[in-house]
Amino acid sequence: MAATSFSPLPTLTTQSQPKHNTKHPSRTGSFRQRKNMKEVKQLHAQVTKKGLSNRRTSGITKLISLCAEIATPESLEYAKKAYELFEGDASNRVSLHMLNSLIRGYSAAGFCDEAILLYAQMVERGVNPDHYTFPFVLSGCTKGAAFLEGIQLHGSVVKLGLEGDLFIQNSLIHLYAECGEIDFGKKVFDKMSERNVVSWTSLICSCTRRDRPEEAVSLFFEMVEAGIKPNSVTLVCAISACAKLRDLDLGKRICAYIGQQGLNNTVLVNALIHMYMKCGATDRAKSLFDECIDKNLVLYNMILSNYVHQGMEREALAILVEMLQQGLQPDRVTMLSALSASGQSGDFAFGRQCHCYVMRNGLEGWESVSNAIIDMYANCGKQDLASRVFDRMSTKSVVSWNSLIIGFVRNGDVDSAWGLFNQMPETDLVTWNTMIGALVQESLFEDAIELFRVMQSEGIKADEVTMLSVASACGYLGALDLAKWTYSYIEKFGIPRDLKLDTALVDMFARCGDTKSAMLVFNKIQNRDVSAWTSAIGAMAMEGNGIRALKIFNEMTNQGVKPDAVVFVAVLTACSHGGLVEQGMQIFRSMKESYGITPQIIHYGCMVDLFGRAGLLSDALDLINGMPMEPNKVVWGALLAACRTQKDTQMATYVAERMNELAQERSGTHVLLSNIYASAGKWTDVARVRLQMKEKGLLKVPGSSSIEIDGVIHEFTSSDESHPEMTHISQMVREMSCRIGDSGYVPDLTNVLLDVDDEEKEFLLSRHSEKLATAFGLISTSPGTPIRVVKNLRMCSDCHSVVKLVSKTYGREIVVRDNNRFHFFRQGFCSCNDFW
């Protein structure tokens, strides 16, 4: 068929030009051996001079083929001119071979749009593509990630009956894999009657790259069973999948096939070392590394990076020294690892040397390197130097700002971090997570919740890190409504719940006094670690349910989870709060005998608290005197608190003297001792202790209680009249006193630690912060609604008696969390059984 002129051949556009030109050299044939642009120009001149007389088209065909193989913008421009010369002669038939060569050239060079356009023009003119055309044009679609065009080409393949061609099928699998549509590629793969190593490798590699490592490994073993010998690319992808899975056993099975390839392939060696490092087989990785004769920069960088990620900073720096001794010059990848290792190890001197190397070799222009320098200085506590590096950066991305902010937070300067946060031109999730976490770290829990609300209004979607901080803030505030909202938010938006977040949710509900919800979350956790079990035991401890705490502990050990020192603190605390003296002693002894854990001072403190609450002050003192380490202020403080409960002023005086020897500046010791003397009516001793406090400049922390009403937290301080609803609160306090007085309530004036008359004591007693918060809860909520109060100090005995009677008189469940435990008041009874 005589051909009319085609539409003009596509012009190469700069936006589709690749960063690197792709060439396909071949060494067969004398013509191809002289493949260079000089040859192209000479041949083009000959063709132009001689023209197309006597239908001599072989020269043009060879010219176009040569230009397509070189595949540069310049060579393709010559190919285009040559084809237009051929096309200009109306006597010539359309040459499918020439068109295929042109499409091949465009695709090889990465000019996806031009390849597809040429194919479309070819079809438009009625030229049927063949089994050579489609692999070339599909290759262009793959490089350009042209998924939709690829699907249309797949349809054309089926229409032309070419879907059984092996090369076309492999090209389709590769296209779908590179476009992230592995399932489409899998369908093509499943329908293939014949598969070669390229078919299997394309699918295996795509699964590995697209975070489907299980499928990649499964396909590898299917391939081997089918009798297809894996090549080095297949092995690298399969080993990389094992690295992602961190499955050393699978990695070893795949290594059995490497013997067929040998370890001469550098990429394969790198993949093996990477896999061993990821799977924790550091010694095997290092051994393989040491066996390498030809170590290149890539290999050194890879093992350096893995050492850093595994927290093996010293080993990483040793590898760097070895690399320098081998005469290899570090690049920016090397310096990223070196700076990170210096920062993590706190090696300021080495980090500064790395910074100097970066400056000498002009690597500071890389933003990632400058960010790593900021991190390094911040980790070494040199925040001023980190700020200088930041200020000198010509271009600052959000990562740069985050690096500096994280440094301020890490070094305890939240104010500077906050100021920088407000200056940022743009923020991301890391920014918000850092600031919310910093506020929680500084115990600014309400501010953290408020910042989270602002984050939502800015349209930033939270993740599990965000919600971990929010859950912690809710727990410390004891705000149950907010805690329930947080849990619903996580459920509604499908935020991934890892083990850390689930554990935080258990702790959140426990701290808010909702142990039922805490245990519901705990029961849904899969593969619980010791931290998760500790959170559940801690929840029971806060509730005072020692028996249930012991059952959970036994369940944990029966499931093969080895307890650590932290879980024993939770168990012993539960025994203390539940009055389980014998069980606590048995648990304490089992630490060393059954689990090989030497009790630390915090465990002795728990035992002192256990004995003290049970009134066994002499046993507590004997335990302290027999400790293998010197008792600290916490241990003595536990005994001093017990002395107050048991009204033992003589031992209290002895304990206070011991505490003052350890911590002269501690106000709590003086306050507690003063309270003990006041309870016993020894006002002269009270005055003496208070005078000592004044002389030392020590201040008593005022008692305060908070209550959440409709999402707003109201705080009350003892004897503070500043609340806007104070008139109504005072009326409710008087009403409470009258109604519970009819039930036999008599104020316990020993809880007033001032030498005033009884009438004044009674008034001061009525103004304790937990009474004010409870009264506000009664007037601000509907009848029958639970009331939840959080107090910063230990609840006094009079308030405990009052709240018990109020719960019965008003038919309310009242939950009070003091600084020691939870009290659940129902119908005149408390969960602590008056043991707190």
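As the structure is a computational prediction, the values presented were derived from the model and not from experiment. (Residues numbered from 1 in each chain as written. Predicted model: local features only at pLDDT ≥ 70, side-chain atom pairs only at ≥ 80, totals over all residues. Heavy atoms only, no water.)

A few words now on the overall build of the chain. Helix and strand counts for the chain stand at 44 helices and 6 strands. In the chain, buried positions account for 51% of the 836 residues. Nonlocal contacts in the chain, meaning residues at least 24 apart in sequence, comprise 64% of its contacts between residues at least 6 apart. (Helix = DSSP H or I, 4+ residues; strand = E, 2+ residues; numbered from the N terminus. Buried < 20%, exposed > 50% of the residue type's maximum accessible area, 1.4 Å probe, protein only. Contact = heavy atoms within 4.5 Å.)

With that settled, the discussion passes to helix H10 (residues 182–190). Three or more residues of H10 are buried, namely Ile-182, Gly-185, Val-188 and Phe-189. Down the axis of H10, the sector holding all buried residues measures 115 degrees, keeping them to one side. Of the surrounding elements, those touching the buried residues of H10 are helix H8 (147–159), helix H9 (166–178), helix H11 (197–209) and helix H12 (213–225). (Arc of directions from axis to C-beta.)

With that settled, consider the environment of Gly-419. By the secondary structure assignment, Gly-419 is in helix H24 (residues 414–423). Distance from Gly-419 to Ile-405, taken between C-alpha atoms, is 9.3 Å for residues 14 residues apart in sequence.

So, about the confidence of the model for the chain. Of all residues in the chain, 85% attain a pLDDT of 70 or more, and the chain-wide mean is 83. With pLDDT under 50 throughout, residues 1–6 is counted as low confidence; its partners more than four residues away or in other chains account for 19 contacts. Confidence drops under pLDDT 50 across residues 14–35; counting only partners more than four residues distant or on other chains, this segment forms 35 contacts. (pLDDT = per-residue confidence, 0-100.)

This paragraph deals with the packing of helix H31 (residues 530–543) against helix H33 (residues 565–578). As a packed pair, H31 and H33 sit with axes 9 Å apart at the nearest point and diverge in direction by 15 degrees. Taken together, the axes of H31 and H33 are roughly parallel relative to one another. Taken as a pair, H31 and H33 cross one another with a handedness that is left-handed. Contact with H31, carried on its side by Val-530, Thr-534, Ile-537, Gly-538 and Ala-541, involves Val-566, Val-567, Ala-570, Val-571, Thr-573, Ala-574 and His-577 of H33 and no other residues of that element. Split by residue class, the contact of H31 with H33 holds 8 nonpolar, 4 polar and no charged. (Axes fitted to C-alpha atoms, helices over the stretch in contact; angles between N-to-C directions. Parallel < 35°, antiparallel > 145°, perpendicular 65-115°, else oblique. Left-handed = near helix turned anticlockwise from the far one by under 90°. Nonpolar A, V, L, I, M, F, W, Y, C, P; charged D, E, K, R; others polar.)

Before going further, it helps to examine the state of the cysteines. Taken as a whole and judged by the stated rule, the model has 1 disulfide. Between Cys-205 and Cys-237 runs a disulfide, and the two sulfur atoms are separated by 2.2 Å. Where Cys-205 bonds to Cys-237 through sulfur, the torsion about that S-S bond is close to 95 degrees, and the disulfide is right-handed. In this pair, Cys-205 sits in helix H11 while Cys-237 sits in helix H13 (residues 232–245), placing the two residues 32 residues apart along the sequence. When its relative accessible area of 11% is taken as the criterion, Cys-237 is described as buried. Here Cys-179 is not cross-linked by a disulfide; its sulfur's nearest cysteine counterpart is in Cys-141, at 8.1 Å. Just so you know, Cys-356 is unpaired, no disulfide at all, and the nearest cysteine sulfur is the one on Cys-354, 9.2 Å from it. (Disulfide = S-S within 2.5 Å.)

Moving on to the packing of aromatic side chains. Taken as a whole, this structure holds 25 aromatic pairs when the rule is applied. A ring pair is formed by Tyr-176 and Phe-184, whose centres lie 5.5 Å apart and whose planes are at 35 degrees; its orientation type is tilted. Here Phe-184 falls in the partly exposed class, since its relative accessible area comes to 35%. Ring pairing ties together the aromatic residues Phe-452, Trp-485, Tyr-489 and Phe-493, which thus form one cluster. Lying across the ring of Phe-189, Arg-195 places its NZ or CZ 4.1 Å from the centre. One residue, Arg-511, lies across the ring of Tyr-476, its end atom 4.4 Å from the ring centre. (Phe/Tyr/Trp six-rings, centres within 6.5 Å; stacked < 30°, edge-to-face > 60°. Lys NZ or Arg CZ within 6 Å of the ring centre and 35° of its normal.)

Counting buried residues along strand E5 (residues 822–826), 4 of its 5 residues qualify, which places the element largely inside the surrounding structure. Pairing geometry for strand E4 (residues 814–817) and E5, over 4 bridges, is antiparallel. Within E5, the residue paired with Arg-817 across the bridge is Phe-822. Sheet topology places E5 next to strand E6 (residues 829–830); 2 bridges connect them, and they run antiparallel. When the sheet's bridge partners are listed, Phe-825 is paired in E6 with Cys-830. Hairpin connection, E5 to E6: the antiparallel pair is bridged by 2 residues, and Gln-827 has positive phi, about 50 degrees. (Pairing = 2+ DSSP bridges.)

What follows is about the packing of H11 against H12. At a closest axis distance of 7 Å, the pairing of H11 and H12 adopts a crossing angle of 160 degrees. Accordingly, the angle class assigned to the pair H11 and H12 is roughly antiparallel. As H11 runs across H12, the sense of the crossing is left-handed. Residues Val-197, Trp-200, Leu-203, Ile-204, Cys-207 and Thr-208 of H11 form the contact with H12, whose own contacting residues are Pro-213, Glu-215, Ala-216, Leu-219, Phe-220, Glu-222 and Met-223. The residue inventory of the contact of H11 with H12, partitioned by class, reads 10 nonpolar, 1 polar and 2 charged.

Let us now look at unusual backbone geometry. Phi at Ala-145 is positive, roughly 55 degrees, even though this residue is not glycine. Topologically, Ala-145 is positioned in the loop between helix H7 (133–143) and H8. In this structure, Ser-443 takes a positive phi of about 65 degrees despite not being glycine. You can see Ser-443 is positioned in the loop between helix H25 (429–441) and helix H26 (445–457).

For the rest of this paragraph, the subject is the side chain of Asn-371. With respect to the helices and strands, the residue Asn-371 is situated in helix H21 (residues 367–379). By relative accessible area, Asn-371 is classed as buried at 6%. Those residues in contact with Asn-371 that sit more than four places away from it in its chain are Met-393, Val-399, Ser-400 and Ser-403.

Judged by nonpolar contacts, the single largest core of 221 residues is most densely connected at Phe-134, Ile-273, Met-275, Met-467 and Leu-639. Examining the composition of this core, we find that 9 residues originate from one element, H33, more than from any other. The contact partners of Phe-134, leaving out residues within four places of it in the chain, are Tyr-119, Pro-129, Leu-153, Ser-156, Val-157, Leu-160, Leu-162 and Ile-168. Counting 30 residues, the second-largest nonpolar core is a separate cluster that includes Met-732, Tyr-745, Met-795 and Phe-825. (Core = buried A, V, L, I, M, F, W, Y, C linked by side-chain atoms within 4.5 Å.)

Turning our attention to helix H18 (residues 313–325). The terminal C-alpha atoms of H18 lie 19 Å apart, and with 13 residues this matches the ideal 18 Å at 1.5 Å per residue to within 8%. Packed against the buried residues of H18 are helix H16 (282–291), helix H17 (297–309), helix H19 (332–345) and helix H20 (348–360). (Expected span 1.5 Å × (residues − 1).)

Attention now goes to the side chain of Arg-817. By secondary structure assignment, the location of Arg-817 is in strand E4. Polar contacts involving the side chain of Arg-817 include one to the main-chain carbonyl oxygen of Gly-475, which spans 2.6 Å. At 2.9 Å, the side chain of Arg-817 and the backbone oxygen of Arg-511 are in polar contact. Not counting the four nearest positions on each side in its chain, Arg-817 is found in contact with Gly-475, Tyr-476, Gly-478, Arg-511, Met-542, Val-789, Val-790, Lys-791 and Phe-822. (Polar contact = N/O pair within 3.5 Å; in protein donor to acceptor, adjacent residues only side chain to side chain.)

What follows deals with the pattern of salt bridges. A side chain of one charge can pair with a side chain of the opposite charge if their charged atoms are brought near each other. Counted by the stated rule, this structure contains 18 salt bridges. Across the salt bridge formed by Glu-215 and Arg-212, the nearest N and O atoms sit 2.7 Å from each other. On the basis of relative accessible area, Arg-212 is assigned to the partly exposed category, the value being 22%. Among the ionic pairs, Glu-322 bridges to Lys-295, the shortest N-O distance being 3.2 Å. Here Glu-322, found in helix H18, pairs with Lys-295, found in the loop between H16 and H17; they are 27 residues apart in sequence, far enough to count as distant. (Salt bridge = Lys/Arg side-chain N within 4 Å of Asp/Glu carboxyl O.)

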